[in-house]
Amino acid sequence: PNVDFYSGIVLKALGIPRSMYTVLFAVGRCIGWISHWKEMIEDPKQRIGRPRQLYIGHKQREYKNIKDRIQHLNENEKTK
């Protein structure tokens, strides 16, 4: 679970109506959203507001059936 899961429990304990949960979650994030937007429009070279990501993992891997994966995990647990 993320922080919103626990925030929901607190909001319920405080007696806040469930219909207000989304609003309250968003209010706390507004300053971050506005900061990202402000940075994006102030830099003309930045066309999309997301970081660049380069995948450096395996190019291709052989598919393993789920039963084989579970068996492998069980074998590893026995050796510990």
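Here's what I pulled together on the structure shown here. The model shown is predicted, which means the values in this text are computed figures rather than measured ones.

Remarks on the overall build of the protein
Part 1: Counting secondary structure elements, the protein contains 3 helices and 0 strands.
Part 2: Element order for the protein, N to C, with α for helix and β for strand: α-α-α.
Part 3: Expressed as a percentage of the 80 residues in the protein, the buried residues total 4%.
Part 4: Accessible area for the protein stands at about 8300 Å²; split by element, carbon and sulfur atoms hold 59% of it.

Quick notes on helix H2 (residues 21–42)
Part 1: An ideal rise of 1.5 Å per residue puts 32 Å on 22 residues; H2 measures up with 32 Å between its terminal C-alpha atoms.
Part 2: Within H2, the axis deviates most sharply at arginine 29, by approximately 45 degrees.

Quick word on the packing of aromatic side chains
Part 1: Enumeration according to the criterion identifies 2 aromatic pairs in this entry.
Part 2: Look at phenylalanine 5 and tyrosine 6: their rings are 5.1 Å apart centre to centre, the planes differ by 85 degrees, and that puts the pair in the edge-to-face class.
Part 3: Considering the side-chain rings of tyrosine 21 and phenylalanine 25, the 6.3 Å spacing of their centres and the 55 degrees angle between planes classify their relative orientation as tilted. With a gap of 4 residues between them, tyrosine 21 and phenylalanine 25 both fall in helix H2, about one helical turn apart.

A look at a nonpolar patch on the surface
Part 1: On the surface, a nonpolar cluster with roughly 310 Å² of combined accessible area is contributed by Met20, Val23, Leu24 and Val27.
Part 2: Along the chain, valine 23 turns up in helix H2.

So, how was this worked out
- Residues numbered from 1 in each chain as written.
- Predicted model: local features only at pLDDT ≥ 70, side-chain atom pairs only at ≥ 80, totals over all residues.
- Heavy atoms only, no water.
- Helix = DSSP H or I, 4+ residues; strand = E, 2+ residues; numbered from the N terminus.
- Buried < 20%, exposed > 50% of the residue type's maximum accessible area, 1.4 Å probe, protein only.
- Areas by Shrake-Rupley, 256 points an atom, 1.4 Å probe, with all protein chains shown as cover.
- Expected span 1.5 Å × (residues − 1).
- Bend = angle between axes of the 7 residues up to and from the residue.
- Phe/Tyr/Trp six-rings, centres within 6.5 Å; stacked < 30°, edge-to-face > 60°.
- Patch = residues over 30% accessible without salt bridge, like charges linked within 9 Å, V, L, I, M, F, W, Y side chains within 5 Å.
- Salt bridge = Lys/Arg side-chain N within 4 Å of Asp/Glu carboxyl O.

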